[in-house]
Amino acid sequence: MSSTTDTATNAAQETDFLTLNGTDYIELYVGNAKQSAHYYKTAFGFQGLAYAGPETGVKDRVSYVLVQDKVRLMLTTSLKSDSEISEHHKKHGDGVKVLALWVDDAYDAYEQTIKRGGKSYMEPKTITDDHGEVCMSGIYTYGETVHLFVERKNYKGAFMPGFEKWESTYNPEPVGLKYIDHCVGNVDWNQMNPWVKFYEDVMGFKNILSFDDEDISTEYSALMSKVMSNGNGYIKFPINEPAEGKKKSQIEEYLDFYEGEGVQHIAIATDNIIETVTALQNRGVEFLNIPGSYYETILDRVGEIDEDLAPLKELGILIDRDEEGYLLQIFTKPVEDRPTMFFEIIQRKGAQSFGKGNFKALFEAIEREQANRGNL
Ligand code: FE2
């Protein structure tokens, strides 16, 4: 009996060599960070947190850091054409560059992942200012996307050294966004399993759910998806790849327009999706339209729920149930002109899954948009 326990303990230690405390921040490289910051404040209710740029001693770029509860977004634009940021933006348009993960030891996170085959993006370094120190390191993941490991236990400032607190007189109300629930990556044909293996081998994640093209197909197009989770479940990264269908997969459309692999959507949790989505819609955030017929039979499928159906239907919020409970979710249209990244708003009421029961309705909605763009 004790040997079983020992084996289990050893297995846990073996797999949890990379303890992640949560998402630290998400950085997007954008064409005009000043205007993007205004959009995320106005439309999504983010608050200004920190700023870096020429005024703070950073000569070649500007970065605005926005916050809403535990969600931190960084928006960065290069001030010169000749830079890695400008090259990234030229190729991909606005998109996620960094999924930063909060760790206790950024030096150890680097050592552990590099020795397991991770490709270095940033060697460990310690940056300091009057408020303390932050240690950082980083590795590449799919496409040109990177994971930074951020250790901030000895830091008391607004964000990190190099940034100043961003004071603004324009502070629209938050909309109730709480934390990052999951971030989804789109990878190329036949690349889902290699990236699943990367998250298993290099970062100690487990594959907790899989969807094949039978689960996720409509009359026209298909995709496959596997959900990767770290040991404590704080970080979940579903990985999608296109699958063959009669017409072009929505993942293929993303890959064509992003010109490579990258982050498809960021799912942010709320504890009152009706209030949050009402506020977002009032501020001009556009969501995928779900046909009214979806709601005719929905309660037969998901059973009793706490919410009235009328506001859910009015707002276009989707419902799904698994063994542990149910969830409410809705998806924005892409937030750039290229049909690439979008947001999901999710409220979990026990369910730990990802809305499999909604895939068909959802993908048909995406395909209507795709057809409108002439890309189906
Ligand atoms: Fe999602």
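See the structure above.
Residue numbering note: each chain is counted from 1, following its sequence as written. pLDDT decides what is reported in this predicted model: residues at 70 or higher carry local features, side-chain atom pairs at 80 or more are listed and counted, and totals for whole chains, interfaces and linings draw on all residues regardless. As a rule here, side-chain values come from all non-hydrogen atoms in the structure, and water together with hydrogens is ignored.

**Q** Would you take a moment to explain the side chain of Ser 353 for this structure?
**A** Within the element layout of this structure, Ser 353 appears in the loop between strand S17 (342–349) and helix H10 (359–372). The class of Ser 353 is buried, set by a relative accessible area of 15%. Polar contacts, as used here, are pairs of N or O atoms within 3.5 Å; protein pairs need one atom able to donate a hydrogen and one able to accept it. Residues neighboring in sequence count only if both atoms are side-chain atoms. A distance of 2.6 Å separates a polar atom in the side chain of Ser 353 from a polar atom in the side chain of Asp 322. In what follows, residue pairs with any heavy atoms lying within 4.5 Å of each other are defined as contacts. The residues touching Ser 353, leaving out its near neighbours within four places in the chain, are Leu 209, Asp 322, Leu 327 and Arg 348. Helical segments are the DSSP runs of H or I of at least four residues, strand segments are the runs of E of at least two, and each set is numbered from the N terminus. The classification of residues rests on relative accessible area computed with a 1.4 Å probe and restricted to protein chains. Under 20% of the type maximum is buried, over 50% is exposed, and intermediate values are partly exposed.

**Q** Hey, could you run me through the sheet that holds S17 in this one?
**A** An order of S11-S12-S13-S10-S14-S17-S16-S15 is seen for the 8 strands of this open sheet, with the pairing classed as mixed. Taken across any chain shown, the strands that pair with only one partner, and hence form the sheet edges, are strand S11 (206–211) and strand S15 (318–322). The mean inter-strand angle of the sheet, taken between neighbouring strand axes irrespective of direction, is 25°. Note: two strands are recorded as paired if DSSP finds a minimum of 2 bridges between them. Pairing of strand S16 (residues 325–331) with S17, which is carried by 5 bridges, proceeds in the antiparallel orientation. The residue bridging Leu 328 from the neighbouring strand is Gln 347, located in S17. Helix axes are fitted only over the stretch in contact, all axes being lines through C-alpha atoms; the angle between N-to-C directions runs from 0 to 180 degrees. Sheet contacts for helix H6 (residues 250–258): strand S10 (177–186), strand S12 (222–229), strand S13 (236–243) and strand S14 (262–270); angle to S14, the most-contacted strand, approximately 115°. The sheet contacts of helix H7 (residues 273–282) involve S10, S14, S16 and S17, and relative to S17 the element is tilted by about 160°.

**Q** How do you make sense of the environment of Glu 259 when you look at a structure like this?
**A** Mapped onto the secondary structure, Glu 259 falls in the loop between H6 and S14. The spatial distance from the C-alpha of Glu 259 to the C-alpha of Asp 181 is 26 Å, given a sequence separation of 78 residues. Excluding its chain neighbours within four sequence positions, the residues that come into contact with Glu 259 are Lys 91, His 92, Tyr 254 and Arg 338.

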